[in-house]
Amino acid sequence: MADPKAPAKTRTGDVARKPSARGDLDAFLNQVRSLQPASSGRGRLIFAMDATMSRQPTWDLALSLQSEMFSAVKEVGGLDVQLIYFRGFNECQASRWVGDPDALARLMRQVHCEGGHTQIRKVLSHARQENEKRKVNALIYVGDCMEENVDDLSQLAGELGLSGLPVFLFQEGREARAERAFKEIARLSRGAYCRFDAGSAGQLRELLAAVAVYATGGRKALENSKSGAAVRLLEQLR
C-alpha cells in the first residue's frame, strides 16, 4: 500500500492524486463536539491551504491550529480527510484520502512555504472532480490573498454550490481583494467565510473543528446547537 504521507508530483496545471462573542463560540464548540454524526456513512472533507511565501510569518501558528483541527476530527470520528496545498511555481499536491487525522497532521508539518502565486482555481477544480467521483461534504480553504481571475473562481464556486459542496474560507489578515473574492466563493458555493489573525487563533481553532463536525453530521449537527455562533454559520449556509 502506498504511503499516505507521500504526495504525488503534479503535471503543470493539474492536481496530483494523493468575529463572534467568546461565550457563543465556546458554547458552540462544546455542543457540536458532543453531537453524533447525522448520517450513517463516513463524511469526506477536503482541507486546502495556501503555502506561498506571504504566509511564512505566521506559518507555525497556522500549522498548530490546523493540527488541532485534525485532533478534533479524530474525536468526532466518521470522517475521511484529504489535504491539498499549493506553493512555488505551479506546485499543487494532494494527499490520499485517509481516515487517520494524525497521518495528515504529520504530512502537514512537513510542508513549508515557497514563493509563488495562488492556485485557488486548481483547488476548486480538484474538489469538483473528487465530488463527481464520490460525494465530498465540505471544502475548507485557508489563505491570505488571491491573485487570480475572480470570475473564473466564481464559476467554479457556483458549480460546487449546485453539486452540494460548500466551501468554508478562512482568511488570514485583511487583504481587501482576497476578502471580496472569498466572500463571493462562499456565497456561490453556499458555504461560509471568516477572517482571522494571530489575535483570533482560538476562534479559528473552534470554527475549523465545527466545520469538521458539519462535514460528518451535516446541517442537522449545526441546527441542534442553539448558540449565536451556530445561528450565524447557518445563516451563511442558506
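Here the structure is a predicted model, which means the values were calculated and not measured.

Q: Can you tell me about unusual backbone geometry, naming the residues and giving the values?
A: Despite not being glycine, Asn90 has its phi angle at roughly 60°, a positive value. Phi is positive for Arg190, which is not a glycine, with a value near 65°. Looking at where Arg190 falls in the secondary structure, it is placed in the loop between helix H6 (176-189) and strand S6 (192-196). Here Arg190 falls in the partly exposed class, since its relative accessible area comes to 48%.

Q: Break down the side chain of Asn131 for me, citing the residues and quoting the values.
A: Mapped onto the elements of the fold, Asn131 is located in helix H4 (residues 120-133). For Asn131, a relative accessible area of 12% gives the class buried. In terms of polar contacts, Asn131 uses its side chain to reach the side chain of Ser163, at 3.2 Å. When sequence neighbours within four positions are dropped, the list of residues in contact with Asn131 reads Val136, Ser163 and Leu165.

Q: Explain the environment of Ile120 to me, and be specific about the residues and the numbers.
A: If you trace the backbone, Ile120 turns up in helix H4. In this structure, the C-alpha to C-alpha distance between Ile120 and Tyr141, residues 21 residues apart in sequence, is 8.9 Å. The residues contacting Ile120, other than those within four sequence positions of it, are Phe86, Tyr141, Cys145, Met146, Glu148, Leu153 and Phe182.

Q: Provide a residue-level description of the pattern of salt bridges, including the pertinent values.
A: Scanning the entire structure with this criterion turns up eight salt bridges. Notably, a salt bridge pairs Arg195 with Glu179, separated by 3.1 Å at the nearest N-O pair. With Arg195 in strand S6 and Glu179 in helix H6, this residue pair connects regions lying 16 residues apart in the sequence. The partly exposed category is assigned to Arg195, whose relative accessible area is 25%. Look at Glu179 and you get buried, because its relative accessible area is 18%. For the salt bridge of Glu184 with Arg187, the shortest nitrogen-to-oxygen distance reads 2.6 Å. Here Glu184 and its partner Arg187 are both found in helix H6, three residues apart, which amounts to about one turn of the helix. Within the structure, one salt-bridge network assembled from shared partners comprises Arg87, Glu91 and Glu114.

Calculation criteria
- Residues numbered from 1 in each chain as written.
- Predicted model: local features only at pLDDT ≥ 70, side-chain atom pairs only at ≥ 80, totals over all residues.
- Heavy atoms only, no water.
- Helix = DSSP H or I, 4+ residues; strand = E, 2+ residues; numbered from the N terminus.
- Buried < 20%, exposed > 50% of the residue type's maximum accessible area, 1.4 Å probe, protein only.
- Polar contact = N/O pair within 3.5 Å; in protein donor to acceptor, adjacent residues only side chain to side chain.
- Contact = heavy atoms within 4.5 Å.
- Salt bridge = Lys/Arg side-chain N within 4 Å of Asp/Glu carboxyl O.

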